[in-house]
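The residues making up each chain are set out below.
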There are 2 protein chains.
Amino acid sequence: MVLSKKNKVGHSNELAALFEPNSVAIIGASANAERIGGRPISYYIKAGFKGKLYPVNPNRDEIQGLKCYPDISAIPGEVDLAVLAIASTAVAAAVTACGEKGVKVIVLFSAGFAEVGEEGNTMQAEVDEIASHYGIRILGPNCLGLYNGDNGNCPTFTSGLEGGFPRAGRVGLITQSGAYGTHLLTMSKTRRLGVTKWISTGNESDVTVAECLEYMIDSDSVDVVGCYMEGVKNPEILIRALKKARAAGKAVTIMKVGVSEVGSEAVQSHTASLTGSDASFQALIDQYGALRAHTTEQMFDILYAASLSPRATGSKLGVLTISGGAGVLMADAAEELGLTLPPMPDTIQAKLIKRNPLSSPRNPVDITANALNDFPLVGENLQAMCDEGGYDLLVAFFTSLIGSPVHGEKLLKVFSEGIKGQGKPFAIIGQAPEEILEKYEAAGIMVFEDPSRAVVALSALAKLNTAFEQANEGEGDFPDIGKISLPTEKITEAEAKALIAKAGIPVPGEEVVGGAEQAVKAANKIGFPVVMKIVSADIPHKSEAGGVALNLANAEAVSRAATLMLKTVKEREPNAKINGLLIAPMIGEGVDLIVGTQNDPVMGPIVMVGLGGIFTEILKDVSVSLAPVSPKRARSMIESLRGVALLQGVRGQEPVDIDAIADAVSRLSLLATQNESDIESIEINPLRAMASGVISLDALILAKEAT
Amino acid sequence: MVLSKKNKVGHSNELAALFEPNSVAIIGASANAERIGGRPISYYIKAGFKGKLYPVNPNRDEIQGLKCYPDISAIPGEVDLAVLAIASTAVAAAVTACGEKGVKVIVLFSAGFAEVGEEGNTMQAEVDEIASHYGIRILGPNCLGLYNGDNGNCPTFTSGLEGGFPRAGRVGLITQSGAYGTHLLTMSKTRRLGVTKWISTGNESDVTVAECLEYMIDSDSVDVVGCYMEGVKNPEILIRALKKARAAGKAVTIMKVGVSEVGSEAVQSHTASLTGSDASFQALIDQYGALRAHTTEQMFDILYAASLSPRATGSKLGVLTISGGAGVLMADAAEELGLTLPPMPDTIQAKLIKRNPLSSPRNPVDITANALNDFPLVGENLQAMCDEGGYDLLVAFFTSLIGSPVHGEKLLKVFSEGIKGQGKPFAIIGQAPEEILEKYEAAGIMVFEDPSRAVVALSALAKLNTAFEQANEGEGDFPDIGKISLPTEKITEAEAKALIAKAGIPVPGEEVVGGAEQAVKAANKIGFPVVMKIVSADIPHKSEAGGVALNLANAEAVSRAATLMLKTVKEREPNAKINGLLIAPMIGEGVDLIVGTQNDPVMGPIVMVGLGGIFTEILKDVSVSLAPVSPKRARSMIESLRGVALLQGVRGQEPVDIDAIADAVSRLSLLATQNESDIESIEINPLRAMASGVISLDALILAKEAT
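Nothing here was measured: the structure is a model prediction, and the numbers come from that model.

### Some points on the overall build of chain A
Line of reasoning, step 1. Scanning chain A from terminus to terminus reveals 22 helices and 29 strands.
Line of reasoning, step 2. Its C-alpha atoms give chain A principal-axis dimensions of roughly 115 × 80 × 35 Å.
Line of reasoning, step 3. Out of the 707 residues belonging to chain A, those deemed buried represent 54%.
Line of reasoning, step 4. Put simply, 72% of the contacts in chain A that link residues at least 6 apart link residues at least 24 apart.

So this is what it looks like as structure tokens:
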């Protein structure tokens, strides 16, 4: 992937001509419907495209039944979109011709550009410049184009449309890779997914996955989007699109592969090696409520579930089953994925057992194979679960019975009627011929053959609901940490500590003050608890003179101690010259953490927190977020650590001050964000967390190198 | 599940009458092919069963075209197998009648026995007693029967045979759950799996999953077995079956669900809470080379791969692809699963790039979509990978092209010919109509739509190979630790330490000896390094008198120190009475571990090792095996810990003595095994591992309660 900073940050309206052109020219048109220049024409015709279609080929008068033009300038009307199915060396001239014609957007199939090295890179830059001169947007090069089912727009040569178009539906698919995009398009047909828009972005010299996502989220005909990407070019657009999706309750699932983009950068700090861009990417999509799919099948299962089901209302799962084993299997899987399985109310259980003594209607509600002898049991138990169970999601194991000639139709009726108007996601585990599956899906019921996959899909719906709910929660106002000025030389530990102290993160410091009022001020700055010591060259044994006070926990204690100390010392050592009181932090026992920020080249500042020592070094147990984070969000980062129990007090240890850690993480993230142009990374290692408060025992700041 | 200790430990030959009867009676036969008593008859007829089939029903003369008998005694010839499709209350009488007739095995469909509580339990015990009296084996009750494709034996009413029988093949399926078994049987048809035997064991009052597994492993017509189980009844048979499978190179994949059987037992020691029966079960199947499937789909993918592919020779994976993205996706997934992706040799890469400049033939070997313009590239690159890559497994991403009317047939030819005679597992990622998929499968090539699932299946083949190789590695001879005699009272720490010391595990101990020779003996027993101190009531300041030697690392040092010490002390304190030399262990800095054993009620003694403190308490980072384990196996248990780096020396620490830990784990496992009838659990916590040697700082032994 080419990381180009010059990509236009276009608004999705700019992509209207790409998805909804009124007129399309195919440059390099072919009469052979199998060839690159012939396929799009054949697809346009099959899809019943309503706009104008102009084949361009100097050697023919007619192509696939359409009048053919010798060049684009010969086309009588306007051309919104031009497809370039020509050799890479001919592209520059063709783009110029398109520019002169007033074309708005080009779909550039041709390969041999940036993906093949230096020479191709130069050629791609040349093409970009021409396009930019004329204000033309480019999809590609080295892309397979797109398909829009809404209007039959098919500027693509993907073989994924060979066997026919996907069924109508409200799913959008976006993919960088052409070959993989074809695979996804074909899969959408074998998996009965209704795909209305599909696009492959290729080299992304201009139009990116993020822009396409924003376009689809803005589109009225798309509810659910799946993205396959190898790198993120426009994180700001991606974030905007994800925010819009979350606000609109549209599900986005993303599959991202590939090695870390920062991997090649010199790893200058510990934090950098612990974050890396995949962690930053994960942080981004977590933050904005998209779902990460780890396999292609998982992406399709999530798309299937999200496109068929109503929005989940929570994560309480009710399991109806005719097999005890299958019930346990799903219960185990569900709990592992964070769903809960509350039992049915006792009184209802008693009623159901009375009706069906062999049943075990707790949750899973196991009605046993008895259901086949006493069919109304199925509906009655489902009804009880809907009315009395308080479940947010439902799953029912009925295996091949749903496809059985004897029971199939009856079950379909019971389930469709049972779930009607409930507004709950409902998955059946079963096997049936395609036409029966379609009837279930028409009733808004998912059907899975594998129980574990069903549970994964249901848990994805629950996660989406949480994300949608978070759309309404603001992060709150962030305090202004302000610009700091960095030393021009390498930043010393002391300087680093002074800088993070300015951000309000406690560092060990000591201050000499005159009296109680100043002592309190100093202690407030240093952070409680503090130590107080008398300052005097004339008193060698301070303790005996009443000149030491340890563990002063708050302002009142400091004030009281200061007054008392000055009085006592004066009484006991009347001849000593007193220079003041030293206020220093009391660094107690505690747990050490590591907190850091790193300027990710793509995502900008990210912040991470982990437990120190083996936890970060051996177990890589860290939590990463895009910066800045609120103290609330920092707290949930900390709570997501595997070793969090260590902070909550295990083995008789006192718990440490998680709020103070969260505050430090939040402040550090603000420092990094508000000084993004100057600071490359910050690392506090260790940050000692104590029963009350935290303190930075060491700190390192790397300045951004001048560019 | 009922845990009955009285199950017969039958040899698999005893199941011959169950799988291969010559004559079958259906008690409770029905003319209606939809009813429980009608289905088996209809299936027997459809399957073309060659043996004799006798419907039994007092109300009919003929059923489904067969002569019907009023009762079993009226049947003229012998009856090997009787199916009981009658109410539970009629079962006892029917079993008696079967006994009088000389029936060898009964398939007992009826429900209402142990699975419904006390009353059913009593009835089941009664039936068992009658069967036992007559020497009849029973499958069930509450089971769905079985299917044997070899001879058309169908004593089952599963709806999984409704749509037809599974295709011919060499896969066996064993399932406890009837409903889930039906699901699996149906899935085997949708997934094109050749299943020759299927059995559902139900309540397992007699015949268990483990016995059926042994029968299938012994069978010439089965190569690959999938088991679905909820609990293990006969671990000794399961182990025997798994050993046979491993020795015969037959793949076994097991899906086990359900809550821990020891969960309800009082958790008496730390070890018990860290192991639990799922961990013991995992330890069992790891030890004997079966594969654990975590989802149903994974089980089918493994069965599909193992039944189609030759045995893998190692874990080096070669990836051929037309999509860079798909290549990276598979490479990432493969490495995560322990496969390696060595690059093609440089010279071959250079040759391939010369031939196809757009390609990137490292590994993944990305030949790009260019392959479609220059078709021979596919075969050439595959050939190079087979001949020069040294790969053990191959996967190729060709998406819908394998089903394309244009390229499909050509690709099939290239792949079949390319892989012929290579003896390598080969998976294609692609989409094609069923008839093309079948052609690939006939050529021994797997086809997956999802790349991640393909990689999981390939990694399973590599794991199986490792397991098969281990079949030839003995565990070596275990030393005889010998019976120990436990105190009758609660065992004290000192007593526990003395007992583990007898097993050869170092405990802090001290011994008073007379001279150099005895000192060396004592030091050998205690373990090096040791401390030596002069014993004398007359010498208050031992160091000054030359009476202390620290850190004696070996016998020579001890011997030398003893001689020197006695000499020096005598010189410096000529009047002191010397009582001897105290030899004590030198307990140095090190890493603390926890090592324990636990008598699992099903599996017998198991042994576990983990790092101490947070690693076990918070991270549950422990490794569990069936006991006993050899030091070699103990070492690999230790190496599988997530925190193993801590033992290998991180952060400037010296590595600790892993061999000594392994030795202690092995010895403890022997102590537990050889005293299984007396010891419930042992725990050494902590076991301090040092640069050289280990020492048990605390030990706890719980005796088995008298029963």
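### What about the domain arrangement of chain A?
Much of the literature gives interface size as the accessible area that the parts lose upon coming together.
Line of reasoning, step 1. Domains assigned within chain A are domain 1 (11–142), domain 2 (158–308), domain 3 (310–470), domain 4 (509–585) and domain 5 (591–703).
Line of reasoning, step 2. The straight-line distance from the C-alpha centre of domain 3 of chain A to that of domain 4 of chain A is 69 Å.

### Let's talk about the relation of the copies chain A and chain B
Line of reasoning, step 1. The transformation that overlays chain A on chain B combines an axial shift of 0.1 Å with a rotation of 180°, and the residual RMSD is 0.2 Å. Both copies of the chain, as the preceding transformation shows, are related through a two-fold rotation axis.
Line of reasoning, step 2. Comparing contact sets, 100% of the residues at the interface of chain A also lie at the interface in chain B, consistent with an isologous, same-surface contact.

### Some words on the interface of chain A and chain B
Line of reasoning, step 1. Contacts between the two partners involve 51 residues from chain A, matched on the other side by 51 residues from chain B.
Line of reasoning, step 2. For the side of chain A that touches chain B, the secondary structure elements donating two or more residues are α5 (178–190), α9 (296–308), α10 (324–336), α15 (451–470), α19 (614–617) and α21 (645–648) of chain A.
Line of reasoning, step 3. If one sorts the elements of the side of chain A that touches chain B by residue count, α5(A) sits on top with seven residues.
Line of reasoning, step 4. Of the residues belonging to the side of chain A that touches chain B, the class tally is 20 nonpolar, 20 polar and eleven charged.

### A closer look at the sheet that holds strand β21 (residues 530–535) of chain A
Residue and element names in this part refer to chain A.
Line of reasoning, step 1. Taking strand neighbours across the sheet as the criterion, the four strands line up as β20-β23-β21-β22 in an open arrangement whose pairing is antiparallel. The open sheet has two edge strands, β20 (511–513) and β22 (548–552), and neither has a second partner. Going from strand to strand, the sheet's axes swing by 25° on average, the running direction of each strand aside.
Line of reasoning, step 2. Both β20 and strand β23 (residues 580–585) contribute to a ladder of three bridges, which runs antiparallel. When the sheet's bridge partners are listed, Glu511 is paired in β23 with Ile583.

### Digging into the packing of helix α9 (residues 296–308) of chain B against helix α15 (residues 451–470) of chain B
All names here are of chain B.
Line of reasoning, step 1. Where α9 meets α15, the closest approach of the two axes is 9 Å, and the angle between their N-to-C directions is 60°. In this view, α9 runs oblique relative to α15, as classed from their interaxial angle. Once α9 is placed against α15, the crossing between them reads as right-handed. Between α9 and α15, the residues in contact are Gln298, Asp301, Ile302, Tyr304, Ala305 and Ala306 and Arg453, Val456, Ala457, Leu458, Ala460, Leu461 and Leu464, respectively.
Line of reasoning, step 2. Per-class residue counts for the contact of α9 with α15 are ten nonpolar, one polar and two charged.

### Let's talk about the pairing of strand β24 (residues 591–600) of chain B
All names here are of chain B.
Line of reasoning, step 1. The buried fraction of β24 is high, at nine of ten residues.
Line of reasoning, step 2. Alignment of β24 against strand β27 (residues 679–689), held across seven bridges, turns out to be antiparallel. Within β27, the position partnered with Gln598 by the bridge is Ser681.
Line of reasoning, step 3. The pairing of β24 with strand β25 (residues 604–611) spans eight bridges and is classified as antiparallel. Paired with Asp600 across the strands is Gly604, a residue of β25.

### Considering helix α22 (residues 658–674) of chain A
Line of reasoning, step 1. Between its first and last C-alpha, α22(A) extends 24 Å over 17 residues, near the 24 Å set by a 1.5 Å rise per residue.
Line of reasoning, step 2. With 14 of 17 residues buried, α22(A) is to be regarded as a mostly interior element.

### With respect to the sheet that holds strand β10 (residues 195–200) of chain A
Backbone hydrogen bonds are what pair the strands of a sheet, in a parallel or an antiparallel way.
Residues and elements named next belong to chain A.
Line of reasoning, step 1. With respect to topology, six strands assemble into an open sheet ordered β8-β10-β9-β11-β12-β13, the strand pairing being mixed. At either end of the open sheet lies a strand with only one pairing partner, and these are β8 (145–148) and β13 (291–292).
Line of reasoning, step 2. Here strand β9 (residues 171–175) runs beside β10; their pairing, made up of five bridges, is parallel. The partner of Leu173 across the bridge, within β10, is Trp198.
Line of reasoning, step 3. Packed on one face of the sheet, α5 meets β9, β10 and β11 (224–229) and runs near 160° to β9.
Line of reasoning, step 4. Relative to strand β12 (residues 251–256), α9 is tilted by about 175°, and along the sheet it contacts β9, β11, β12 and β13.

### What about unusual backbone geometry?
Line of reasoning, step 1. The residue after Gly140(A), namely Pro141(A), is reached through a cis peptide bond having omega -5°.
Line of reasoning, step 2. Its place among the elements puts Pro141(A) in the loop between β7 (137–139) and β8.
Line of reasoning, step 3. Residues Asn685(A) and Pro686(A) are joined by a peptide bond in cis, for which omega reads 5°.
Line of reasoning, step 4. As for its placement among the helices and strands, Pro686(A) is situated in strand β27 (residues 679–689).
Line of reasoning, step 5. Residues other than glycine seldom take positive phi values, yet Asn142(A) does so here, at roughly 60°.
Line of reasoning, step 6. For Asn142(A), the location among the structural elements is in the loop between β7 and β8.
Line of reasoning, step 7. For Gln64(B), which is not glycine, the phi torsion reads 45° and is therefore positive.
Line of reasoning, step 8. Considering the arrangement of structural elements, one finds Gln64(B) in the loop between β3 (62–63) and β4 (66–67).

### What to know about the environment of Arg39(A)
Residues and elements named next belong to chain A.
Line of reasoning, step 1. Here Arg39 lies in helix α2 (residues 39–47).
Line of reasoning, step 2. On the basis of neighbour counts, which here come to 24 C-beta atoms within 10 Å, the residue Arg39 falls in the buried class.
Line of reasoning, step 3. Taking the C-alpha atoms as reference points, Arg39 and Gly314, 275 residues apart in sequence, are found 46 Å from one another.
Line of reasoning, step 4. In this structure Arg39 touches Ala33 and Phe157, once residues within four positions along its chain are discounted.

### Quick word on the confidence of the model for chain A
Residue and element names in this part refer to chain A.
Line of reasoning, step 1. This prediction gives chain A a mean pLDDT of 88; 94% of its residues lie at or above 70.
Line of reasoning, step 2. In the predicted structure, residues 1–9 sits below a pLDDT of 50 and forms twelve contacts with residues beyond four places in sequence or in another chain.
Line of reasoning, step 3. Low pLDDT, under 50, characterises residues 259–276; the stretch is placed with 45 contacts to residues that sit more than four places away or in other chains.
Line of reasoning, step 4. Model confidence for the complex is summarised by a pTM of 0.83, with the ipTM given as 0.81.

### A short note on the environment of Gly482(B)
Line of reasoning, step 1. With respect to the helices and strands, Gly482(B) occurs in the loop between α15 and α16 (493–502).
Line of reasoning, step 2. The spatial distance from the C-alpha of Gly482(B) to the C-alpha of Asp332(B) is 49 Å, given a sequence separation of 150 residues.

### Considering the packing of helix α20 (residues 631–639) of chain A against α22(A)
If you want to describe how two helices pack, look at the angle between their axes and the distance between the axes.
Residues and elements named next belong to chain A.
Line of reasoning, step 1. Remark: α20 packs on α22, axes separated minimally by 8 Å, with the N-to-C direction vectors making an angle of 115°. When the interaxial angle is binned, α20 and α22 end up roughly perpendicular. The way α20 lies across α22 gives a crossing that is right-handed. In contact with Pro631, Ala634, Arg635, Met637 and Ile638 of α20, α22 contributes Ile658, Ile661, Ala662, Asp663, Val665 and Ser666.

### Observations concerning the environment of Gly509(A)
All names here are of chain A.
Line of reasoning, step 1. Mapped onto the fold, Gly509 is located in the loop between α16 (493–502) and β20.
Line of reasoning, step 2. Gly509 gets classed as partly exposed once you count the C-beta atoms within 10 Å, which come to 16.
Line of reasoning, step 3. A sequence separation of twelve residues divides Gly509 from Lys497, and the C-alpha atoms of the two residues are 9.3 Å apart.
Line of reasoning, step 4. Discounting residues that sit within four places of it in the chain, Gly509 has contacts with Ala501, Ile526 and Pro585.

Criteria and thresholds
Residues numbered from 1 in each chain as written. Chains lettered and ligands numbered in written order. Predicted model: local features only at pLDDT ≥ 70, side-chain atom pairs only at ≥ 80, totals over all residues. Helix = DSSP H or I, 4+ residues; strand = E, 2+ residues; numbered from the N terminus. Buried ≥ 20, exposed ≤ 12 C-beta atoms within 10 Å, placed from the backbone. Contact = placed C-beta atoms within 7 Å. Domains from an automatic or database assignment. Least-squares fit on C-alpha atoms with pLDDT ≥ 70 in both. Nonpolar A, V, L, I, M, F, W, Y, C, P; charged D, E, K, R; others polar. Pairing = 2+ DSSP bridges. Axes fitted to C-alpha atoms, helices over the stretch in contact; angles between N-to-C directions. Parallel < 35°, antiparallel > 145°, perpendicular 65-115°, else oblique. Left-handed = near helix turned anticlockwise from the far one by under 90°. Expected span 1.5 Å × (residues − 1). pLDDT = per-residue confidence, 0-100.

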